[in-house]
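# Per-entry structural report
Here are the chains, one letter per residue:
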Amino acid sequence: MSTLSRPRSRHSTRPAVQRNLVTRTVLGAAALVAVCIVGFVIVSSPAHSTFDLGVDQWLSAHHVAPLVAIATAVHWLLDPLQAILLTLVAVVAIALRTRDLRRAIGFGAVVAVSWVPSDLLKLAVDRARPAASSLAHPFTPAQLDPSYPSGHVVFAASLAIAAFLLLRTGDPRRPVVAVIGAVLVAVVAGSVLVIGIHFPSDVIASMVWALGATTLIRVAYLRFVGPWLDSRFDEITKGLASVDDELES
């Protein structure tokens, strides 16, 4: 059964399951805390905040126009407005394809609840973008919002993880989705580095953030949200069934 479909709430009290949920909660929370701590350490001094600038400078100096054009297109495609629309389209498509609104809601929640809070961390850390004056081919228009973590990479990673969780354990499509997701994240991560709008540490932090956040969201869904949705949908189903009975009588 899909990890975003109907949770088996009867088993949620089993000790092994409880231990598993606690372990995942601790690991997920530790990942988010680590990303936060690293972010504040990075901006604590100029030396820390530019320690990985050399990667951006090397990529900018070895400017390849077609590659930059692709990277720019990828960056535009996952800008906030387009990313929101893409998520909504995916949620509707999943609902229509599976006829299971719970799975569609779960997918959208994993993406949104992982991605949106990363912007709050970005504002809190307030790391400046790689300076245009330090790059041979700076990106235009200049990105004025903070750099750490990369919202584009967080979104791509959250989308890939949500798609993976959508499939049942043992589904032969899962490895394929995992590979496609990994490629997607790598392409987006490479794109923001190629055009010089993020530091490598921004990208790494984004991936860790997405893994930690989606782990916590999955725990919350399995433990609390899923059973609540089940009860609500069961009530709606029973209500519709009673209406049908009245109409037929």
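For the structure, check the block above.
Below is a summary of the structure that appears in this document. (Residues numbered from 1 in each chain as written. Predicted model: local features only at pLDDT ≥ 70, side-chain atom pairs only at ≥ 80, totals over all residues. Heavy atoms only, no water.)

Before going further, it helps to examine unusual backbone geometry. The peptide bond linking Thr140 to Pro141 adopts the cis configuration, its omega dihedral lying at 0°. The residue Pro141 is located in the loop between α6 (101-125) and α7 (151-166) in this model. Each neighbour pair has its own omega, and for Tyr148 with Pro149 the value is -10°, a cis peptide bond. Of note, Arg99 is a non-glycine position whose phi angle comes to about 60°, a positive value. (Helix = DSSP H or I, 4+ residues; strand = E, 2+ residues; numbered from the N terminus.)

Moving on, we come to the packing of aromatic side chains. For the structure on display, the rule yields one aromatic pair. One Lys or Arg, Arg127, reaches over the ring of Phe199 and ends 3.9 Å from the middle of that ring. One residue, Arg174, lies across the ring of Phe164, its end atom 4.1 Å from the ring centre. (Phe/Tyr/Trp six-rings, centres within 6.5 Å; stacked < 30°, edge-to-face > 60°. Lys NZ or Arg CZ within 6 Å of the ring centre and 35° of its normal.)

A few words on the packing of helix α4 (residues 65-77) against helix α8 (residues 173-194). Two packed helices can be described by the angle between their axes and the distance between those axes. Where α4 meets α8, the axes come as close as 8 Å, and the angle between the chain directions of the two elements is 115°. Comparing their axes, α8 and α4 come out roughly perpendicular. Once α4 is placed against α8, the crossing between them reads as left-handed. Residues Leu67, Val68, Ala71 and Val74 of α4 lie in contact with α8, whose contacting residues are Val187, Val188, Ser191 and Val194. Of the residues contributing to the contact of α4 with α8, the split by class is seven nonpolar, one polar and no charged. (Axes fitted to C-alpha atoms, helices over the stretch in contact; angles between N-to-C directions. Parallel < 35°, antiparallel > 145°, perpendicular 65-115°, else oblique. Left-handed = near helix turned anticlockwise from the far one by under 90°. Contact = heavy atoms within 4.5 Å. Nonpolar A, V, L, I, M, F, W, Y, C, P; charged D, E, K, R; others polar.)

Turning next to the pattern of salt bridges. All chains considered together, the criterion is met by six salt bridges. Of the charged contacts in the structure, one is a salt bridge between Asp202 and Arg127, with a shortest N-O distance of 2.7 Å. Residue Asp202 is located in helix α9 (residues 200-248), and its partner Arg127 is located in the loop between α6 and α7; the two are separated by 75 residues in the primary sequence. The closest approach of N and O atoms between Arg129 and Asp145, which form a salt bridge, is 2.7 Å. Of this pair, Arg129 sits in the loop between α6 and α7 while Asp145 sits in the loop between α6 and α7, placing them 16 residues apart in sequence. (Salt bridge = Lys/Arg side-chain N within 4 Å of Asp/Glu carboxyl O.)

For the rest of this paragraph, the subject is the side chain of Ser191. The topology assignment puts Ser191 in helix α8. On the basis of relative accessible area, Ser191 is assigned to the buried category, the value being 5%. Leaving out residues up to four positions away in the same chain, Ser191 has contacts with Ala71 and Val74. (Buried < 20%, exposed > 50% of the residue type's maximum accessible area, 1.4 Å probe, protein only.)

So, about the nonpolar core. By size, the foremost hydrophobic cluster in this structure holds 39 residues, and its most contacted members are Phe107, Tyr148, Phe155 and Trp209. Within the residue set of this core, elements represented by two or more residues are α1 (15-42), α4, α5 (80-98), α6, α7, α8 and α9. Counting six residues, the second largest nonpolar core, distinct from the first, contains Ala157, Ile161, Val185 and Ala210. (Core = buried A, V, L, I, M, F, W, Y, C linked by side-chain atoms within 4.5 Å.)

Before going further, it helps to spend a moment on the side chain of Thr214. As for its position among the elements, Thr214 is in helix α9. Given the relative accessible area of 3%, Thr214 is considered buried. Separated by 2.6 Å, the side chain of Thr214 and the backbone oxygen of Ala210 make a polar contact. Ignoring anything within four residues of it in the chain, the contact list for Thr214 reads Val110, Ser114, Ser158 and Ile161. (Polar contact = N/O pair within 3.5 Å; in protein donor to acceptor, adjacent residues only side chain to side chain.)

A surface patch of nonpolar side chains, amounting to about 390 Å² of accessible area, comprises Leu81, Ile84, Leu85 and Leu88. Tracing the backbone shows Leu88 in helix α5. (Patch = residues over 30% accessible without salt bridge, like charges linked within 9 Å, V, L, I, M, F, W, Y side chains within 5 Å. Areas by Shrake-Rupley, 256 points an atom, 1.4 Å probe, with all protein chains shown as cover.)

A word on the packing of α5 against α6. Two numbers describe how α5 lies on α6: the axes approach to 7 Å, and their chain directions differ by 160°. Considered as vectors, α5 and α6 are oriented roughly antiparallel to each other. Helix-helix and strand crossings are classified by hand; for α5 and α6 the assignment is right-handed. Each of Pro80, Ala83, Ile84, Thr87, Ala90, Val91, Ile94, Ala95 and Thr98 in α5 lies in contact with α6, whose residues at this interface are Leu101, Arg103, Ala104, Phe107, Gly108, Val111 and Trp115. When the residues that make up the contact of α5 with α6 are grouped by side-chain class, the tally is twelve nonpolar, three polar and one charged.

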